[in-house]
Amino acid sequence: MTSVDAVVVGARAAGAATAYLLARSGLRVLLVDRGSYGTDTLSTHALMRGGVLQLHRWGVLDGVVAAGTPPVRLATFRYAGQIIPVPIKPSHGVDALYAPRRTVLDPILVDAAVVAGAEVRFGIAVADVERDARGTVTGVVGRTRAGAEFRARARIVVGADGIRSTVADRVGARVERTGAGASATTYGYWPDLGVNGYEWNFRPNAASGVIPTNDGLACVFASAVPRRIGRGGVGPLLPILAESDPDLAARLAVAPPPPMRTFTGLGGYVRRSWGPGWALVGDAGYFKDPLSAHGLTDALRDAELLAGAIIAVVAGEATEPDALAGYQATRDALSGPLFEAIDVIAGHRWADHQIGDLLLRLSAAMADEVDAIADLPMLPLVCVGPTSPLGAS
Ligand SMILES: Cc1cc2nc3c(=O)[nH]c(=O)nc-3n(C[C@H](O)[C@H](O)[C@H](O)COP(=O)(O)OP(=O)(O)OC[C@H]3O[C@@H](n4cnc5c(N)ncnc54)[C@H](O)[C@@H]3O)c2cc1C
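Residues numbered from 1 in each chain as written. Predicted model: local features only at pLDDT ≥ 70, side-chain atom pairs only at ≥ 80, totals over all residues.

### A short note on the overall build of the protein chain
Selection criterion: Counting from the N terminus, the helices are DSSP H or I runs at least four residues long and the strands are E runs at least two residues long. Only the C-alpha atoms count toward the radius of gyration. The rule for a globule is 2.2 Å times the residue count to the power 0.38. Residue burial is a threshold on neighbouring C-beta atoms within 10 Å of the residue's own C-beta, all placed from the backbone, with 20 or more meaning buried, 12 or fewer meaning exposed, and counts in between meaning partly exposed.
The secondary structure content of the protein chain amounts to 11 helices and 18 strands. For 393 residues, the compact-globule formula gives about 21 Å, and the C-alpha radius of gyration of the protein chain, at 21 Å, lands near that figure. Dimensions of the protein chain, computed from the C-alpha atoms along their principal axes, are close to 65 × 45 × 40 Å. Split into buried and exposed, the 393 residues of the protein chain put 51% on the buried side.

### Brief notes about the site of the ligand
Note the threshold: For each residue, a C-beta atom is placed from the backbone, and the residue is labelled near a molecule or strand when this atom is within 6 Å of it. Ten residues, namely Ala, Val, Leu, Ile, Met, Phe, Trp, Tyr, Cys and Pro, are considered nonpolar, four, namely Asp, Glu, Lys and Arg, are considered charged, and the remaining ones, Gly among them, are considered polar.
Around the ligand, the structure places 36 residues, and the nearest of them are Gly10, Gly162, Gly282, Gly295 and Leu296. Where the shell around the ligand is concerned, the elements lending two or more residues are α1 (13-24), β2 (29-33), β6 (124-131) and α9 (295-314). Among the elements that line the shell around the ligand, the one with the most residues is α9, at four residues. Residue composition of the shell around the ligand, by class: 17 nonpolar, 14 polar and five charged.

### A look at the environment of arginine 28
Within the secondary structure, arginine 28 is located in the loop between α1 and β2. Using a count of 21 C-beta atoms within 10 Å as the deciding quantity, one classes arginine 28 as buried. Between the alpha carbons of arginine 28 and alanine 118 there is a distance of 6.6 Å; along the sequence they are 90 residues apart.

### Things to note about the sheet that holds strand β10 (residues 184-191)
Rules: A pair of strands counts as paired when DSSP detects no fewer than two bridges linking them. Note on definitions: angles span 0 to 180 degrees between N-to-C directions of axes, and those axes are lines fitted to C-alpha atoms, for helices only across the stretch in contact.
Strands sit in the order β4-β3-β11-β12-β13-β10-β14 across an open sheet of seven strands; the sheet is mixed. Since the sheet does not close on itself, it has two edges, and those belong to β4 (82-87) and β14 (260-263), each with one partner. Between one strand and the next, the sheet's axes are offset by a mean angle of 15 degrees, whatever the strand orientation. Here strand β11 (residues 198-203) pairs with strand β12 (residues 206-212) via five bridges, running antiparallel. Across the sheet, residue phenylalanine 202 finds its bridge partner in β12, namely alanine 207.

### Regarding α9
The condition is simple: A helix is expected to span 1.5 Å for every residue after the first.
For α9, spanning 20 residues, the distance from its first C-alpha to its last is 28 Å, which sits close to the expected 28 Å at 1.5 Å a residue. By the criterion of burial, α9 is predominantly enclosed, with 20 of the 20 residues buried. Immediately downstream of α9, the backbone of glycine 316 shows phi near 75 degrees, a positive value.

Structure below.
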């Protein structure tokens, strides 16, 4: 049976980033995922400044650029009859945003984790956690794709397994906060749209946008209350897009319709994200509506916050409860204003004259988050010696 300092369940944005940061600091890390390397997932993929800053700090942004991900230097907002271009000003070493496909971003993070020394295994479905007599989580149990039993022992189990997190369920992580708004999203990819940067359109019950990405494609999405999106596709997308960008809607109407993917909506939540021997990161611990286009940025942020907490325990600088409670407190403080603003926007309970203020609230929360990320101390590149408590299990 494998025995490591940290087993991370879920090898996408949150999990692969956490594994990378821990391994880079010298911890023995096992990263598992029930899926396959390099596959797509149900998600558009616009990174905000905080997410790009993080990739830059970690030395992996070059890989995103090398994959041909187009730089985004302009964001255009359409709402309340206005068209507002917002140039992306250079700050904190970031002079452009990027929206890499998940088939690009997730493998870059997984590869970085491997190079840093993490063991990575796909095709492992974790079914439960294991505990000692005191109830402390001591590892995970599951099955390989071939049906064999799989067990791994770890000082800490990190659940990075998304919105239907098995780890959260098995440790009994309670939901501490829920949102009221939940929109549905439908999206697809069109070639040769010639768009310049991100486009974000907000009309009551008719939000839409364009996200330029790899391979000359642009992701076009529509978001509205679930009843309006229904089963998704270009049927609901085109009239929603036409409410704010009729020219683009007309061009898409005569183009061959691409395969579309649809998210039927889920209310936001914040879960308690730590306990004896376990922690949650990414969507497993905290989710807000995709209309925020911020889940990935937060997943990367929280990977660094959690890795820092675990490394502090290893270094003997903090007890596990103090470090993990600090992780959650910082996450919640940074996420709260975002969560509240997007919950109102995603509920589509606003009129044209109100959306400007809501977007300003969102923007202020994101700016505060970027400042907080930029102020994070750089994590150590090598861990602190053979007597680490995480290594003692
Ligand atoms: C429609 C839509 C559009 C979005 N658009 C954006 C956007 O533009 N920008 C943005 O920043 N965010 C966006 N998001 C949010 C973003 O997708 C999530 O915040 C992000 O995927 C969270 O990453 P994660 O690593 O926490 O979880 P996930 O990406 O969900 O990864 C979880 C992983 O865990 C694995 N797993 C699950 N259970 C188990 C198990 N029992 N055993 C082993 N492995 C397991 C899964 O196979 C998966 O690989 C969008 C989301 C949706 C739904």
